[in-house]
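Understanding the architecture of this molecule
Single-letter residue listing:
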Amino acid sequence: MGKTILDKATSSSAFTYQIKEQQYPGILNTTDGAGAALWVERHITQGGGAYPITPSTSMGVDYQAYVANGQKNLWGETLQFFEPESEHSSATVCEGFALAGGRVTNFTSGQGLILMKEVLYVIAGKHLPAVFHIGARALTSQALNIHAGHDDVMGVADSGWGILFGRNAQEVADLALIARRTAEDSETPFLNVQDGFLTTHTIETVRLPEPELMKFFVGEPSQKLRNLMDVNNPLISGSVQNQDSYMKGKIAQRTFYDKVPAALENAMKEFQALTGRGYEPAPAYRLEDAEYALVGMGSMMETAEAAADYLREHGVRAGVLHITAFRPFPGRAVVEALKNCRAVAIIERMDDPLAESNPLTREIKAAFAEAAAGSSRYPKVNRLPQFYSGSAGLGGRDVRPGDLIAAVENMQHGNGKAYFVLGIRHDAGLERKIDPDLRPAGAFSMRGHSIGGYGSVTTNKVLATVAGDLFGVEVQAYSKYGSEKKGLPTTYYLTLAQEHIRTHCELTDVDLVALNDMNAFHQGNPLAGLGEEGMVFVQSPERDSERLWEDIPLSAQQFIREKRIRVFYLDSAAIAREVSSSPALILRMQGIVLLGVFLRITPFQSQRNLSEEQLVQGVETSLTKYFGKRGRKVVEDNLRAVRRGYTEVQELPRQVILRQPQLVSSRQ
C-alpha cells in the first residue's frame, strides 16, 4: 500500500480533505453482507444496540461477541453493546448513546424496524447521526415471512432518515462508511439497507475497507460528534411545544436536510478517490442510448444488468438504473438518466395496492412531473417515457434473468400491462418465455441437495472461502434458509468465476450436483440443469458400486448415461461419526466431508498447480476462521473430515454406468 499526501482542514461539523493520490484498494476477502457491515461497524463505532430479529440477527450477535471479547475500535476505545427488551428499546438506547456524543449503530429487520418507527422520528428530529443496518424483510401483511422484501424500509421512509441500498456485500461495506460520513457531515441519521438473506447471508468476494482508510475517512468520534448532554453546556432536547413554536422548529429542520444531497455526493466522490470504487446516488448502466430501462433497488438490479447485456446482444437497447439513495431521492439524476427512454419498468420488492403506485414508482413519476412542469431544478424534458410498475421478489421469491427479460418485452409493443408481477402465476403476471444462463463465461457452479441441520450452510460458506483464498476466483455462495428447513429438504448454491458474479438467483445451470441425501431423487429431479460431462456426488453407505448404481432411479441413470456424467460416492455420515469428538457435531460434520470431495473432484487444484500440502494449509486457515472460537479440537476434527473426504471419495466405474438395466421377470 502506497502513501497518500492529504491536507486536512476542520470545519464546525466535519472534516474536509484534499486528496492527492489514490491508495486504498481494499483487503481481499470473502464474507456475506452481514459480515461486511460488521467489519466496518466494529472498527469505527463506540457502541451498538440491537434486539435479535432474522435476518439481521448475526450482525447483532457477532457485534456483541466482539464486545464480550474486549474488542476496541480504531481509536482504542472498548466497544459497548446493549440488548434491551425490544427493537423499540434498542433504538432508544441508540438515541441516548448518540445524544451523549457517541458513535452508535443498530441492526434490525422487518417488524423490528417498524416497531422502532416512533424512535426513528425522534432520532432524526434531534439530528443524531446514527447509522442503522437493515436486513430488508417482508412484513407480516399476508403471512409471516423472514425473507427479503422492501416494505419494512418503505414503512419508515418518511421518518427523516437517509436511506441507501446496497446490491451486494461489497456495496454494503462501502456504503456503511459513506452513510456514516454523510450522516455526521449533515447531522442526519442513515439506514444502510441490504436484502435479507439474499445479501445478508450470501458469501461473496469483497475488498474490505482497510482500517487506515476507515480511520481517516470517518474521523475520530470525539472530533466529529456533539455531546448534547454536556453538563457544562446545557440545552433542552425533546421539549414540548405548542401552536406558536412547533411549526417553526419543524420547518427549520430543512436547514439540515438541505445539506444532505451535497454531503452524500461529496462522500461518494472522496471514497472513489481513495479506493477507486465509484458510487452515485443513482448509477446508470448502459442507458446512454437505451430505449428501455429497468429501475429498482437492491440485489435484483445486478441480475438486471446481466439481463440488459443479454438483450443488447439480441438487438434490444436496454439499460438499468439502480437507486442507491432512496433518501435523499436523486430526482434530477433519475430524470437525466431516463428522459430519452421510450419506456421504463420500475420493479419493487413490495406492493401497496391502495396507493396510486408503489413507492419508488411514485417518486420517479413525481420527479418527471416536476421536470415536465419546467422546474429549474430538473433537466428539460420534451416527452415522458411510458411508465410500467411491477412487483417481484416479495418474501424472497426468486427473481430470474428470464423474469427481467419479460419485463422488457412487456414494454416493447406499447400495450403491455401497466402493472405487472414477476415469477408467479397471476392475471398481472408476465410469462417467462426464456431464461438464459447469465453466469460469467467459464463459471463453475454447484447445487447441493441436503437436509436442514446437516451443516450444508456452513459447508457452503467454508467452500466459498477456501475457493476464494486458494484458487483466486470470485465466489458466490447462497443457501435456501427458512425456519421450517431443519430436518427437511433444502438446497444450496455455489458459483466460482474469474469475474464478479452478478446473477442473484437460484441456479438452474450447474456443473456439479451434490446429493447429501439420496431421497432427493424421490422429491423431484435433482439432476435438472446439470450440463454435459458434469459431475454428481452421492452420499451413500453403499460401498459396492453396482448396488449403488441400482439405488439410482432408472430415469436418472438414463440422464447420466446420455450426458456422460461422472458419479462419485462416499459414506460421509460414517466418516463424520468416526472423526467427531462431539456427538452433537456428527450431523453437521457430514457436510464438511463434502469440502474434501469438492477439492478432489473439481479441476481447480490442478489448474492452479497446488500441492496437497498447500491445499490442506488453506483449508486449515478457513476452518480456523469458522470454528476456531470452539477450540482447537473442533478445528482438528473438521480438518480430518476434509482429509478423509479428499482421499476416500470413489468414482463409479464407467462400465457400470453404461450397463443397460436388466428387465426383471414376473416369474421367480
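For the structure itself, look to the data block above.
Residues numbered from 1 in each chain as written. Predicted model: local features only at pLDDT ≥ 70, side-chain atom pairs only at ≥ 80, totals over all residues. Heavy atoms only, no water.

Focus on the sheet that holds strand E9 (residues 190–195)
The strands that make up a sheet pair up through hydrogen bonds in the backbone, lying either parallel or antiparallel. Rules: Only strands that DSSP links by at least two bridges are regarded as paired with each other. In this text, helices come from DSSP runs of H or I with a minimum length of four residues, and strands from runs of E with a minimum of two, each type numbered from the N-terminal end. Each axis is a line fitted through C-alpha atoms, taken for helices only over the stretch in contact, and angles between the N-to-C directions span 0 to 180 degrees.
Taking strand neighbours across the sheet as the criterion, the 7 strands line up as E5-E4-E6-E7-E9-E8-E14 in an open arrangement whose pairing is mixed. Edge positions in the sheet fall to strand E5 (80–82) and strand E14 (325–327), since each has one partner strand and no second. Here the average twist between neighbouring strands, direction ignored, is 20 degrees. Where strand E7 (residues 131–136) meets E9, 6 bridges bridge the pair, whose relative direction is parallel.

Remarks on the nonpolar core
Applicable threshold: Remark: nonpolar core denotes a set of buried residues (Ala, Val, Leu, Ile, Met, Phe, Trp, Tyr, Cys) joined through side-chain atoms within 4.5 Å. Partly exposed residues are those whose accessible area sits between 20% and 50% of the maximum for their type, while under 20% is buried and over 50% is exposed, using a 1.4 Å probe and protein chains only.
Counting residues in each nonpolar core, the largest one holds 53 residues, and the members touching the most others are Phe132, Leu338 and Ile364. Of all hydrophobic cores here, the second largest spans 50 residues; its members include Tyr492, Leu494, Ala514 and Phe604.

Regarding the layout of surface pockets
Our working rule: The pocket and cavity definitions rest on a 1 Å grid over protein atoms only: a 1.4 Å probe that fits but cannot leave marks a cavity, an open set with protein on both sides within 12 Å along at least five of seven lines marks a pocket, and residues lining either have an atom within 4 Å of a point. Grid points are joined across faces, edges and corners, and a volume is the space filled by probe spheres set on the points. Amino acids are sorted into nonpolar (Ala, Val, Leu, Ile, Met, Phe, Trp, Tyr, Cys and Pro), charged (Asp, Glu, Lys and Arg) and polar (every other residue, Gly among them).
Counted as a void, the second largest pocket has a volume near 1100 Å³. Taken together, 36 residues make up the lining of the second largest pocket; nearest its centre are Tyr257, Pro261, Pro328, Phe329 and Pro330. Of all the secondary-structure elements, those providing two or more residues to the lining of the second largest pocket are helix H10 (246–252), helix H11 (254–257), helix H12 (260–275), helix H14 (331–338) and helix H15 (359–372). Grouping the amino acids of the lining of the second largest pocket by side-chain chemistry returns 18 nonpolar, 7 polar and 11 charged.

A few points about a positive patch on the surface
The criterion, for reference: Patches in this entry comprise residues that are over 30% relatively accessible and not in a salt bridge; like charges within 9 Å are linked, as are nonpolar side chains (Val, Leu, Ile, Met, Phe, Trp, Tyr) within 5 Å. To be clear on the numbers: accessible area is Shrake-Rupley with a 1.4 Å probe, and residue cover counts the displayed protein chains and nothing else. The term salt bridge refers to a side-chain nitrogen of Lys or Arg lying within 4 Å of a carboxyl oxygen of Asp or Glu. Here Asp and Glu are counted as negative and Lys and Arg as positive; His is not counted, and neither are the chain ends. Charged side chains are reduced to one point each, which is NZ for Lys, CZ for Arg, CG for Asp and CD for Glu.
Taken together, the side chains of Lys486, Arg588, Lys629 and Arg630 make up a positively charged region of the molecular surface. Relative to the helices and strands, lysine 486 resides in the loop between strand E19 (474–479) and strand E20 (489–497).

Some points on a nonpolar patch on the surface
On the surface, Tyr246, Met247 and Ile251 cluster together to form a nonpolar patch covering roughly 360 Å² of accessible area. Counting through the fold element by element, isoleucine 251 comes out in helix H10. Residue class for isoleucine 251 comes out partly exposed when judged on its relative accessible area of 47%.

Considerations on the pairing of E19
Sheet faces and side chains relate simply in a regular strand, where the side chains alternate between the two faces. Counting buried residues in E19 gives 5 out of 6 residues, a clear majority hidden from the surface. Bridge count for E19 against E20 is 6 bridges, and the pairing is antiparallel. Its bridge partner being in E20, glutamine 476 is matched across the sheet by threonine 495.

A short note on empty space enclosed by the protein
Empty space among the atoms becomes visible once a probe the size of a water molecule is rolled across them. What the rule picks out here adds up to 5 cavities of 30 Å³ or more. Taken as a whole, the largest cavity spans an internal volume of roughly 100 Å³. Lining the largest cavity are Arg400, Pro401, Pro436, Asp437, Leu438, Arg439, Thr503, Cys505, Glu506, Leu507, Thr508 and Asp509. Here the lining of the largest cavity is composed, by residue class, of 5 nonpolar, 2 polar and 5 charged.

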